[in-house]
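These are the residues of each chain, in order.
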Amino acid sequence: MSEEFHKIRRLPPYVFEEVNRLKAAARARGADIVDLGMGNPDLPTPQFVVDKLCEAVQDPRTHRYSSSKGIPGLRRAQANYYERRFGVKLDPNRQVVATLGSKEGFANMAQAITAPGDVVLCPNPTYPIHAFGFLMAGGTIRSIPAKPDDEFLAAVDRAVRHSIPKPLAIILNYPSNPTAYVADLDFYAEVVALARKHEIIVLSDLAYAEIFFEETPPPSILQIPGAIDVAVEFTSMSKTFSMPGWRMGFAVGNERLIASLARVKSYLDYGAFTPIQVAATAALNGGDNAIAEVRSVYKRRRDVLVESFGRAGFPVPPPSSTMFAWAPIPEPYRRLGSLEFSKLLVEKADVAVAPGIGFGEHGDDFVRIALVENEHRIRQAARNIKRFLAPQQEARQNVVPLSQTA
């Protein structure tokens, strides 16, 4: 058995693992690594949610197998959330499925709808499961631009005309991980019109709907009339309620697609532990204040990151949403690529970030910086980076232009 299995051969090396190995080795040597790499929220889950979990787990009936599509109360809570937040009415019995996080939902939706060779249009750069869920299901990825603009729409139009077979689905992810791009309703309307015209499925990842820093909240594609005919949207409680380890998310939207996902899941899992679903129901029904507090923490961290990294000589464009900044590699190091630059930051600055290449080839000039350390630690990372960058900056300042020596 020396040859790799077929599906494993389709997966590239996990580039984040190289940074993780360096990070572990540095910590083993006693280094204090400021870890801004993995998007793993450090904030505590709201206490009322934890209390509800503890209450529910005392009931022995909750220890039995659960429901893979989610308990009825949880699905009703998600439908009510969509009506409050987006003005979208959903049938909790036919248009809502609970998932083990949005990542599992995407992967199993790919299993449900993909035939070998099906073409899926996927932004580049994007969160890896958007592409690799379909690759593992036997599909083919055609990359399109990540920014929600006319270039994106033109790329979809070209793909429809020139892909054989015609594309099965379009992946959307706004607010985007890693780029933090945000789409508006006009863009979604154009996508829905294209999808309806060409009978293409739209899969929208809205995991960061509640992590925004501007006045206008990010919209849902399901707000567009007719979107329910072609679209399914995935959300997650991981970031919204600081519940990453709880593994709770949702898929909502088109009834046929939701039924297909639910059928696949029924063969693969029994759903999340029932007390987790009960606690998640409580969070959705009464967690608006907790959401606002999480948002304010990330906004303060974003502001500190942008200010302190800028003064350190590493300008970071301020993201308008998500818990990430998408930062161009400083010019003297850009030729190294994102993986080597990220490794340098661990080795020379005791700071870990995520290399942009891990999100697609068009991310290689960037690194993703996660807002998962407190403000003090972010400032510490900036000081470390300033010391690392200082020799290069001094060298550039000491270069005398030829015109001055003539």
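The model shown is predicted, which means the values in this text are computed figures rather than measured ones. (Residues numbered from 1 in each chain as written. Predicted model: local features only at pLDDT ≥ 70, side-chain atom pairs only at ≥ 80, totals over all residues. Heavy atoms only, no water.)

Student: Got a sec to walk through the overall build of the protein chain? Specific residues and values, please.
Tutor: Each helix and strand counted, the protein chain has 16 helices and twelve strands in total. Relative to a compact globule of 406 residues, whose C-alpha radius of gyration would be 22 Å, the protein chain shows 22 Å and is just as compact. The 406 residues of the protein chain split such that 55% are buried. Counting contacts in the protein chain only where the partners sit at least 6 residues apart, residues at least 24 apart contribute 75% of the total. A gap of 3 Å separates the mean positions of the 47 positive and 44 negative side-chain charges of the protein chain. (Helix = DSSP H or I, 4+ residues; strand = E, 2+ residues; numbered from the N terminus. Rg over C-alpha atoms; globule rule 2.2 N^0.38 Å. Buried < 20%, exposed > 50% of the residue type's maximum accessible area, 1.4 Å probe, protein only. Contact = heavy atoms within 4.5 Å. Lys, Arg positive; Asp, Glu negative; His and termini not counted. Charge placed at Lys NZ, Arg CZ, Asp CG, Glu CD.)

Student: Break down the pairing of strand β8 (residues 249–253) for me, with residues and values.
Tutor: Taking burial as the measure, the five residues of β8 include five buried ones, the bulk of the element. Neither face of β8 is open: one carries Gly-249, Ala-251 and Gly-253, the other Phe-250 and Val-252, and all of them are buried. In the sheet, strand β7 (residues 231–236) pairs with β8 via five bridges, with the strands oriented antiparallel. Each residue of the ladder has a partner; that of Thr-235, found in β8, is Phe-250. (Pairing = 2+ DSSP bridges.)

Student: So what's going on with the nonpolar core? Residues and values would help.
Tutor: The biggest cluster of nonpolar side chains holds 55 residues, and the ones touching the most others in it are Phe-152 and Leu-172. Where this core is concerned, the elements lending two or more residues are α4 (72–86), β2 (96–99), β3 (119–124), α7 (150–162), β5 (169–173), α8 (185–198), β8 and α11 (274–286). The residues contacting Leu-172, other than those within four sequence positions of it, are Phe-152, Phe-187, Tyr-188, Val-191, Val-202, Leu-203, Ser-204, Asp-205 and Ile-221. Membership of the second largest hydrophobic core comes to 39 residues, among which are Leu-36, Val-297, Ala-312 and Ala-382. (Core = buried A, V, L, I, M, F, W, Y, C linked by side-chain atoms within 4.5 Å.)

Student: So what about the packing of aromatic side chains? Which residues, and what values?
Tutor: The final tally for this structure, using the stated rule, is 16 aromatic pairs. Geometrically, the ring pair formed by Tyr-65 and Tyr-270 is stacked, given 4.2 Å between the ring centres and 25° between the ring planes. One end of the pair, Tyr-65, is in the loop between α3 (47–57) and α4; the other, Tyr-270, is in the loop between α10 (255–268) and α11, and 205 residues separate them in sequence. Residue classification places Tyr-65 among the exposed positions, given a relative accessible area of 68%. Ring geometry for Trp-326 versus Phe-366: centroids 5.0 Å apart, planes at 5°, classification stacked. Of this pair, Trp-326 sits in strand β9 (residues 324–328) while Phe-366 sits in strand β12 (residues 366–370), placing them 40 residues apart in sequence. According to the relative accessible area criterion, Trp-326 is buried, its value standing at 10%. In this structure, Arg-368 is placed above the aromatic ring of Phe-324, and the distance from its NZ or CZ to the ring centre is 3.9 Å. (Phe/Tyr/Trp six-rings, centres within 6.5 Å; stacked < 30°, edge-to-face > 60°. Lys NZ or Arg CZ within 6 Å of the ring centre and 35° of its normal.)

Student: Explain the sheet that holds strand β4 (residues 140–145) to me, and be specific about the residues and the numbers.
Tutor: Sheet strands associate in pairs through backbone hydrogen bonding, adopting either a parallel or an antiparallel arrangement. If you walk across this open sheet you meet the seven strands as β2-β8-β7-β6-β5-β3-β4, and the pairing is mixed. Unpaired on one side and paired on the other, β2 and β4 mark the two borders of the sheet. On average, each strand axis in the sheet is tilted by 20° relative to the strand beside it, whichever way the strands run. Pairing analysis gives five bridges linking β5 to strand β6 (residues 201–205), with the strands arranged parallel. Its bridge partner being in β6, Ala-169 is matched across the sheet by Ile-201. (Axes fitted to C-alpha atoms, helices over the stretch in contact; angles between N-to-C directions.)

Student: For unusual backbone geometry, give the residues involved together with the corresponding values.
Tutor: Each neighbour pair has its own omega, and for Asn-124 with Pro-125 the value is 5°, a cis peptide bond. For Pro-125, the location among the structural elements is in the loop between β3 and α6 (128–136). For the bond running from Asn-177 to Pro-178, omega is 25°, close enough to zero to count as cis. Mapped onto the fold, Pro-178 is located in the loop between β5 and α8. The backbone of Ala-180 sits at a positive phi, close to 70°, despite the residue not being glycine. Take Ala-180: its relative accessible area is 8%, and that puts it in the buried class. Within the chain, Ser-242 stands out as a residue other than glycine whose phi angle is a positive 50°. For Ser-242, the position within the fold is in the loop between α9 (237–240) and β8.

Student: Please provide a residue-by-residue account of the sheet that holds strand β11 (residues 354–355), values included.
Tutor: Strand order in the open sheet made by the three strands is β9-β12-β11, with antiparallel pairing throughout. The strands lining the two open edges of the sheet, one partner per strand, are β9 and β11.

Student: Could you give an account of the side chain of Ser-308, naming the residues involved and the relevant values?
Tutor: Relative to the helices and strands, Ser-308 resides in helix α12 (residues 288–311). A relative accessible area of 4% means that Ser-308 is categorised as buried. Apart from the residues lying within four places of it in its own chain, the contact partners of Ser-308 are Ile-378, Arg-379 and Ala-382.

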